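# Architecture at a glance
Letter by letter, the chains look like this.
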Amino acid sequence: MSQPLTDRPAFTFRQGTAPLLVSMPHVGTYAPPAIAARWTDDARHVPDTDWHLERLYDFVVGMGASVLVATHSRYVADLNRPPDGSSLYPGQSVTGLCPVDTFDDTPVYRDAADVPGDAEVAARRAQVWQPYHDQLARELARLRAEHGVVLLWDAHSIRSVLPRFFEGKLPDLNLGTGKGISCDPAVAEAVYAAAREGEAMGYTSVLNGRFTGGYITRHYGKPEQGIHAIQLEMTQSSYMQEALPFDYLPATAARVQPLLHRMVKTALDGVLRLRDGG
């Protein structure tokens, strides 16, 4: 496919001043009309979106963070999957680079003829996936050059009950560091301790549980080079309505935001202490 398949940029970006980059690869809802026309009615509601994270994390702007936000739905191209579409969790149910099924295990496309072939997948990778990752890599390099270290916080959310992927209800705060490879262990443990402070308010948490970090966390996190990456997959019930119309719940979100703020600040402070030999 030589012609553009989309008429919109793959991301929006706000450059900050602190050694902190917040990535939101699954908040996008846009699909080019020619692609969306092939989707089922359910898929057009893009139910597997990480809804409202820009609003939930609005405090990071005051922290001086750079913020990278996807514009396109993960059904167009999943920015947190490897470019070759390989599984991040071998042996477990997963969705791919250009998903053909939803989290509820229902079809994205109306029929088999609508599923993208190799050429279309390559075009989506080139026009949606690659620009996001180019910008992510550029900003990490800039921040590391300026500050000596950088924290990459990969922000996600998911419905709290999804039998396809896990049994029962998911913990509210799922921290992932690629099982310890993407972030200094002391920083990760400090963030996990901050998360556990939410237990008094009813928020459960885990480090490297069911969600240990996707492609972004695992690929870019290089603590030995001063790049520390943490993924947070949080339950949507912690801040929003999990069913249509997927509304943001301001009062519910306001309860968890101070805890999120504390976790991100703990991570950033820990990375800066490592740089300064503290």
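Below, the structure is looked at part by part. Note that the coordinates shown come from a computational prediction; the quantities given were computed from them, not determined experimentally. (Residues numbered from 1 in each chain as written. Predicted model: local features only at pLDDT ≥ 70, side-chain atom pairs only at ≥ 80, totals over all residues. Heavy atoms only, no water.)

## Let's talk about the overall build of the protein
In terms of helices and strands, the protein carries 7 helices and 7 strands. Ordered by position from N to C terminus, the α and β elements of the protein give β-β-α-α-α-β-α-β-β-α-β-α-β-α. Each principal axis of the C-alpha atoms in the protein carries an extent, and together these give about 60 × 40 × 35 Å. Residues classed as buried in the protein amount to 56% of the 278 residues present. A sequence separation of at least 24 residues applies to 81% of the contacts in the protein between residues at least 6 apart. Of the side chains in the protein, 26 bear a positive and 32 a negative charge, and the two mean positions are spaced by 3 Å. (Helix = DSSP H or I, 4+ residues; strand = E, 2+ residues; numbered from the N terminus. Buried < 20%, exposed > 50% of the residue type's maximum accessible area, 1.4 Å probe, protein only. Contact = heavy atoms within 4.5 Å. Lys, Arg positive; Asp, Glu negative; His and termini not counted. Charge placed at Lys NZ, Arg CZ, Asp CG, Glu CD.)

## Brief notes about the packing of aromatic side chains
Any two aromatic rings considered together are summarised by their centre-to-centre distance and by the angle between their planes. Enumeration according to the criterion identifies 7 aromatic pairs in this entry. Arranged with centres 5.8 Å apart and planes meeting at 50°, the rings of Trp129 and Tyr215 form a pair that is tilted. Here Trp129 is found in helix H4 (residues 118–147), whereas its partner Tyr215 is found in helix H6 (residues 215–220), with 86 residues between them in sequence. In this pair, the class of Trp129 matches that of Tyr215, namely buried. A ring pair is formed by Phe166 and Phe211, whose centres lie 6.2 Å apart and whose planes are at 80°; its orientation type is edge-to-face. Taken together, the residues Phe166 in the loop between strand E4 (150–158) and strand E5 (173–176) and Phe211 in the loop between strand E6 (205–207) and H6 connect sequence positions 45 residues apart. The same class applies to Phe166 and to Phe211, which are both buried. A cation over a ring is seen here: Arg196 above Tyr192, with NZ or CZ 4.3 Å from the ring centre. The lysine or arginine in question, Arg210, covers the ring of Phe211, its NZ or CZ lying 4.7 Å from the ring centre. (Phe/Tyr/Trp six-rings, centres within 6.5 Å; stacked < 30°, edge-to-face > 60°. Lys NZ or Arg CZ within 6 Å of the ring centre and 35° of its normal.)

## Quick look at the pattern of salt bridges
Applying the stated criterion to the full structure yields 16 salt bridges. Shared partners join several salt bridges into a network, and the residues in it are Asp50, Arg74, Asp78 and Arg81. (Salt bridge = Lys/Arg side-chain N within 4 Å of Asp/Glu carboxyl O.)

## Remarks on empty space enclosed by the protein
The final tally for this structure, using the stated rule, is 1 cavity of 30 Å³ or more. Here the largest cavity defines a volume of roughly 30 Å³. Taken together, Pro47, Asp48, Thr49, Asp50, Phe103, Ser157, Ile158, Arg159 and Gln236 make up the lining of the largest cavity. Taken together, the residues of the lining of the largest cavity break down into 3 nonpolar, 3 polar and 3 charged. (1 Å grid on protein atoms, 1.4 Å probe; cavity = no way out; pocket = protein on both sides within 12 Å on 5 of 7 lines; lining within 4 Å. Points joined across faces, edges and corners; volume = space filled by probe spheres on them. Nonpolar A, V, L, I, M, F, W, Y, C, P; charged D, E, K, R; others polar.)

## Brief notes about the pairing of strand E2 (residues 20–24)
In terms of residue burial, E2 counts as a mostly covered element, since 5 of its 5 residues are buried. Neither face of E2 is open: one carries Leu20, Val22 and Met24, the other Leu21 and Ser23, and all of them are buried.

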